[in-house]
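Residue-level structural notes
Given next are the chains, with one letter for each unit.
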Amino acid sequence: MKMFVCIKQVPDPNTAISKLDPATKRLVRSGVSLVLDPGDESTISAAIKLRDKVGNSELVALSMGPASAQEATRRALAMGVDRAILITDPALAGSDAFSTAQVLAAALKKEGADLIFCSTESTDGYTGMVPGGIAEFLGIPQLTFAREITIEGQKAIIKRVIPKGYQTIESTLPAVITIASGSYEAIYPTMKGIMGAKKKTLTQMSLADLGIAATQVGEAGAHERVLSIGKAEARAAGQIIKDDGNAAQQIAEFLQRYQLL
Amino acid sequence: MPHTIWVLVELEDGAPVRSSLEVLGKAAKLGRAEAIVLGSAAAEVAPILGQYGAEKVYVHADATYDNYLTLPAVETVSALLQQHQPSLILLPTTYDLRDIAARLNIRNNLGLITDATDLMLDADGIKATVPWGGETIVTATLTQRGPGIVLTRPKAFAVEQFEGRNAEIEHINPSFSSAARTIKILETVVVKSEGPALEDAAVVVSGGRGLGKAENFQYVEDLAAVLDGAPGATRAIVDAGWLPYSYQVGQTGKTVKPTLYVAAGISGAIQHLAGMKGSKYIVAINKDEHAPIFSIADLGVIGDAVTILPQLTNEIKRRKA
Ligand SMILES: Cc1cc2nc3c(=O)[nH]c(=O)nc-3n(C[C@H](O)[C@H](O)[C@H](O)COP(=O)(O)OP(=O)(O)OC[C@H]3O[C@@H](n4cnc5c(N)ncnc54)[C@H](O)[C@@H]3O)c2cc1C
Ligand SMILES: Nc1ncnc2c1ncn2[C@@H]1O[C@H](COP(=O)(O)O)[C@@H](O)[C@H]1O
């Protein structure tokens with residue numbers, strides 16, 4: 001089976017405060033450390049486990065981003081993905097979910113995919129719109145919020161997280177599957193994996209390779225525009241106390257004062 | 001001409017879900033609200049939608065929507081878009097509507113804004129307010145004319161009553177392609193919990209990694225119980241397997257807006273705050289005086305959550321007695 005996992009490089013959520021450039025109104029990517037999206041790490045882990053379980057399958061990491069995103073694909077390779085594709089083109093800067101899905105779908109069509117894994121949402125954009133968009137461009141179903149996946153022949157059966165519990169849903173393949181965060185234990189790259197990654201193939205593709213016009217994507221093709229950027233209203237901090245043994249009483253008094261008991 | 005705004009109303013156990021009614025009320029304030037209601041219970045639900053703001057309701061009472069995810073609704077709304085041109089499709093961010101929105105956007109070449117907390121609609125088009133990270137707020141619009149989609153944050157709007165409003169009801173009868181029936185629901189399992197549902201509770205007591213170990217989550221549950229509230233959790237302890245995902249509060253979990261939110265052993269990461277910042281009163285207990293949670297707490301207690309939680313539970317029991 002041919003499996004793909006869509007991954008993205010994002011500003012490190014543990015150190016960066018995500019900032020927008022007031023002039024370009026784009027995410028500030030310079031001066032912040034960039035990492036493979038932590039959500040995608042758990043998606044990659046799920047995909048690797050599934051590839052090994054199904055057997056006789058190839059798992060390819062697919063990413064669209066600037067040249068620096070190579071780092072993210074390298075990490076995916078070190079984790080155990082078989083090869084990687086990076087779609088990079090200056091015209092892609094400022095792409096929205098629509099064009100991102102269009103570009104990724106074009107690459108997936110060219111490659112031919114039976115199973116496509118995505119995270120439910122990315123850490124920097126968190127639109128959650130790319131996976132369903134890919135599925136729509138390819139005309140295949142999307143199975144979302146998966147916390148357990150079973151592949152039986154040409155069928156996928158997943159346990160889908162819902163607010164009240166879960167659903168078991170089934171579809172034919174090919175399909176896009178999104179992984180609910182925290183459902184799969186992360187695989188960490190080993191030294192052997194990191195060394196091995198250097199020998200794996202990383203292919204670059206441009207828009208021309210995919211037959212997509214530059215005017216359709218990036219800022220030129222965006223369906224949305226930021227009009228202005230402002231400061232969020234900060235919630236004022238209140239009273240801070242140190243527990244000297246009486247904290248429970250003090251909290252209870254606070255609750256009583258505001259009629260919360 | 002007022003703007004026409006469509007709201008796809010989600011049903012659960014034969015009734016409209018609250019988030020759909022919230023958005024319907026907002027749509028009615030922005031212009032002419034029209035609801036679309038799909039599923040075997042659609043005909044029964046349609047007449048009550050007027051009182052929540054709908055001037056018109058498109059109804060397709062068909063069980064296909066109950067048994068197959070996403071694609072039947074995408075086909076029906078797309079067919080309606082062939083006949084009518086609303087200014088906007090307004091949807092709350094829920095699991096199912098999100099999946100539907102992603103495809104509607106592409107299929108009809110619409111344009112889509114996610115995570116809006118407010119919006120305006122005038123002759124120039126849509127202006128949506130979107131929080132970005134913890135500190136920034138963005139105003140976004142759509143670049144093309146014609147309908148677009150705005151997905152809003154849960155609980156961004158209150159449910160409104162429109163006394164005496166009767167919606168015009170139009171029964172539609174679209175047909176489905178075979179592709180509509182590809183994502184089949186085999187089974188829906190409700191995981192029962194005691195007390196009020198996390199999303200609706202007036203009091204939420206949440207615990208984080210600072211509790212030290214899974215067993216200590218009991219202290220969170222005990223406090224929630226004496227306050228008639230619901231227990232919640234950070235992703236850190238959900239990922240650690242202490243609790244099921246249904247407890248998770250935050251960007252990728254549930255959004256809660258209780259009167260009182262107690263955060264115990266929670267650092268206050270932006271992704272957690274995204275799900276609880278709208279709470280009326282926030283009480284935080286954390287050992288670290290520099291924990292970011294203190295910057296939004298009405299009462300911040302520097303101390304050990306494992307010691308304070310059971311004391312607080314007892315203290316409240318005492319005062320209530
Ligand atoms: C894409 C993405 C989405 C995310 N979505 C969510 C989400 O929906 N919800 C969510 O919660 N997180 C989410 N996160 C994770 C988030 O970034 C944080 O990692 C997480 O919220 C931290 O949980 P925590 O506060 O329990 O743990 P920590 O950050 O480890 O904090 C533990 C706190 O406990 C304190 N502490 C330690 N011992 C004690 C004690 N005895 N008494 C009192 N305090 C003590 C410490 O000082 C510390 O502040 C997301 C992350 C990403 C990347
Ligand atoms: N530029 C990209 N390259 C590869 N995959 C992406 C890209 N953008 C989004 N995705 C995939 O879609 C998921 C959801 O992203 P988003 O819709 O942006 O929240 C991500 O976690 C990835 O799996």
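Residues numbered from 1 in each chain as written. Chains lettered and ligands numbered in written order. Predicted model: local features only at pLDDT ≥ 70, side-chain atom pairs only at ≥ 80, totals over all residues. Heavy atoms only, no water.

Contacts between the two partners involve 76 residues from chain A, matched on the other side by 84 residues from chain B. For the pair chain A and chain B, the summed buried surface comes to about 7,200 Å²; carbon and sulfur atoms form 59% of the total. Among the residues of chain A in contact with chain B, Met129(A), Glu136(A) and Arg235(A) are the three that bury the most area, contributing 11% of the side total. Joining chain A to chain B, the criterion identifies seven salt bridges. Linking chain A with chain B are 31 residue pairs in polar contact (both at pLDDT 80 or more). Where the side of chain A that touches chain B is concerned, the elements lending two or more residues are α4 (130-138), β7 (142-152), β8 (155-162), β9 (165-172), β12 (224-231), β13 (239-242) and α8 (247-257) of chain A. When grouped by side-chain class, the residues that make up the side of chain A that touches chain B number 37 nonpolar, 26 polar and 13 charged. (Contact = heavy atoms within 4.5 Å. Buried area = accessible area lost by both parts, 1.4 Å probe. Salt bridge = Lys/Arg side-chain N within 4 Å of Asp/Glu carboxyl O. Polar contact = N/O pair within 3.5 Å; in protein donor to acceptor, adjacent residues only side chain to side chain. Helix = DSSP H or I, 4+ residues; strand = E, 2+ residues; numbered from the N terminus. Nonpolar A, V, L, I, M, F, W, Y, C, P; charged D, E, K, R; others polar.)

Read across the open sheet, the six strands follow the order β13(A)-β18(B)-β17(B)-β16(B)-β14(B)-β15(B); overall the sheet is parallel. What marks the edges here is a single partner per strand, and that holds for β13 of chain A together with β15 (230-233) of chain B. Adjacent strand axes in the sheet meet at a mean angle of 15°, parallel and antiparallel pairs treated alike. Examined bridge by bridge, β13(A) and strand β18 (residues 299-302) of chain B share four bridges and lie parallel to one another. (Pairing = 2+ DSSP bridges. Axes fitted to C-alpha atoms, helices over the stretch in contact; angles between N-to-C directions.)

Okay, the domain arrangement of chain B next. Residues and elements named next belong to chain B. As assigned here, chain B comprises domain 1 (4-181) and domain 2 (203-320). Listed by partner, the interface residues are seven residues for domain 1 and seven residues for domain 2. Across the domain 1/domain 2 interface, buried area totals approximately 560 Å², and carbon plus sulfur atoms make up 49% of it. At the boundary of domain 1 with domain 2, the tally comes to zero salt bridges. Where domain 1 touches domain 2, the interface holds three residue pairs in polar contact (both at pLDDT 80 or more). Here the residues of the side of domain 1 that touches domain 2 are counted per class, giving three nonpolar, two polar and two charged. (Domains from an automatic or database assignment.)

As a further point, take the site of ligand 1. Close contacts around ligand 1 come from 25 residues, with Thr234(B), Val249(B), Thr252(B), Ser267(B) and Asp304(B) the closest. Residues near ligand 1 are shared among chains A and B, making this a multi-chain site. In the environment of ligand 1, a nitrogen atom lies 3.4 Å from a nitrogen or oxygen atom belonging to the backbone of Gly210(B). Here a nitrogen atom of ligand 1 and a backbone polar atom of Ala305(B) are 2.9 Å apart. Expressed as a share of its isolated accessible area of 990 Å², the protein-covered part of ligand 1 is 82%. Elements supplying a minimum of two residues to the shell around ligand 1: α7 (235-239) and α8 (270-273) of chain B. (Near = heavy atom within 4 Å. Areas by Shrake-Rupley, 256 points an atom, 1.4 Å probe, with all protein chains shown as cover.)

All names here are of chain A. What surrounds ligand 2 is a group of 19 residues, the closest being Cys6, Ile7, Met64, Ser122 and Gly128. Here an oxygen atom of ligand 2 and a side-chain polar atom of Asp40 are 2.9 Å apart. In this structure, an oxygen atom belonging to ligand 2 sits 2.9 Å away from a main-chain N or O atom of Val130. Out of a free accessible area of 480 Å², ligand 2 has 97% covered by protein chains. Listed by contribution, the elements that provide at least two residues to the shell around ligand 2 are β4 (58-64), α3 (97-111), β6 (115-119) and α4. Here the shell around ligand 2 gets three residues from one element, more than from any other, and that element is β4. Taken together, the residues that form the shell around ligand 2 break down as 10 nonpolar, six polar and three charged.

Okay, the packing of helix α6 (residues 217-226) of chain B against helix α9 (residues 305-320) of chain B next. Residue and element names in this part refer to chain B. Following both chains from N to C, one finds α6 and α9 inclined at 20°, their axes separated by 9 Å at the closest point. Our classification of the angle between α6 and α9 gives roughly parallel. Here the hand of the crossing between α6 and α9 comes out left-handed. When α6 is examined against α9, the residues Tyr219, Val220, Asp222, Leu223 and Val226 are found in contact with a partner set consisting of Val306, Leu309, Pro310, Leu312, Thr313, Ile316, Lys317 and Lys320. For the contact of α6 with α9, the per-class residue count stands at nine nonpolar, one polar and three charged. (Parallel < 35°, antiparallel > 145°, perpendicular 65-115°, else oblique. Left-handed = near helix turned anticlockwise from the far one by under 90°.)

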